[in-house]
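# An overview of the molecular structure
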Amino acid sequence: MEEEASPPGLGCSKPHLEKLTLGITRILESSPGVTEVTIIEKPPAERHMISSWEQKNNCVMPEDVKNFYLMTNGFHMTWSVKLDEHIIPLGSMAINSISKLTQLTQSSMYSLPNAPTLADLEDDTHEASDDQPEKPHFDSRSVIFELDSCNGNGKVCLVYKSGKPALAEDTEIWFLDRALYWHFLTDTFTAYYRLLITHLGLPQWQYAFTSYGISPQAKPKGSEGRSKRRCF
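Positions within a chain are numbered from 1, following the residues in the order the chain's sequence is written. With pLDDT at 70 or above as the cut-off, local features in this predicted model cover only qualifying residues; side-chain atom pairs require 80 or more to be listed or tallied, and sums for whole chains, interfaces and linings still use all residues. Excluding hydrogens and water, the side-chain figures rest on all heavy atoms present in the structure.

## With respect to the environment of Trp174
- What counts as a helix is a DSSP run of H or I of at least four residues, what counts as a strand is a run of E of at least two, and both are numbered from the N terminus. Looking at where Trp174 falls in the secondary structure, it is placed in strand β6 (residues 171–176).
- Residue burial is assigned from relative accessible area. The probe radius is 1.4 Å, only protein chains are included, and a residue is buried under 20% of its type maximum, exposed over 50%, and partly exposed in between. Given a relative accessible area of 0%, Trp174 falls into the buried group.
- Counting along the chain gives 13 residues from Trp174 to Asp187, while the straight-line C-alpha distance between them is 8.9 Å.

## Let's talk about helix α4 (residues 63–71)
- Buried within α4 are the following residues: Val65, Lys66, Phe68 and Tyr69. Seen end-on, α4 carries its buried residues on one side only, within an arc spanning 160°. The directions from the helix axis to the C-beta atoms are what the arc is built from.

## Things to note about the packing of helix α3 (residues 47–57) against α4
- With axes taken as lines fitted to C-alpha atoms, and helix axes fitted only over the stretch in contact, angles between N-to-C directions fall between 0 and 180 degrees. Packing of α3 against α4 leaves a shortest axis separation of 10 Å and a crossing angle of 140°. The angle between α3 and α4 places the two elements in the oblique class. Of the two possible hands of crossing, α3 and α4 adopt the one that is right-handed. Taking contact as the criterion, the partners of Arg47, Ile50 and Glu54 in α3 are, on α4, Lys66, Tyr69 and Leu70.
- Gly falls in the polar group here, along with every residue not listed as nonpolar (Ala, Val, Leu, Ile, Met, Phe, Trp, Tyr, Cys, Pro) or charged (Asp, Glu, Lys, Arg). Along the lines of polarity and charge, the residues of the contact of α3 with α4 split into three nonpolar, no polar and three charged. Should an angle fall under 35 degrees it is called roughly parallel, over 145 degrees roughly antiparallel, and 65 to 115 degrees roughly perpendicular, with every other angle called oblique. The sense of a crossing depends on the near helix, which, turned anticlockwise from the far helix by less than a right angle, makes the crossing left-handed and, turned clockwise, makes it right-handed. By the convention used here, residues are in contact when the closest approach between their heavy atoms is within 4.5 Å.

Interpretation note: all reported values are geometric properties and have no functional meaning in isolation.
So, in structure tokens, the structure goes:
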């Protein structure tokens, strides 16, 4: 059953929102040109919802992820900028609710007939090294859940590295780009959440953690473009 968002002004208290957004709301609201800073307030998840998710997926949810959902069942914050007389949506920070914390599967990646399977896209040529963890696998060696669809620019994923039954200590946060290449983000959900807030939800900010960087279209005006890789 889909979780309902609380009506604006209800549910989360002001101190609660300040804690949830790490104070970034005040910074945005006081920034010149920024307008319509909005948080879709959501009620906390109930513990039985977390238990049901764990039983259904045969995975133990990491403690920091549990604590997040016990504070708010998902997160969505947006902000816009005013240019001349036009309001332009710009920032979007999102974490899926528990009901949308779903496993990445073939059907969630492709809908075309005769499309390659995820197993066909396995690339074992880049294994773990001193400066880069082993990449997730699309087969049963990893269990992957979508935290954020990134407005179609890729997927931020909670990755269990050792398959099922999956343990909380085996998780990492990775970014899957539109070309279905993996890029390591953080060891923990807490560290990722801080990255999300720090980057203000700017479009395609996750690509700063790839070898080819943010596309010139998404960069601030005047910044130099970096090489791009063709995406599907």
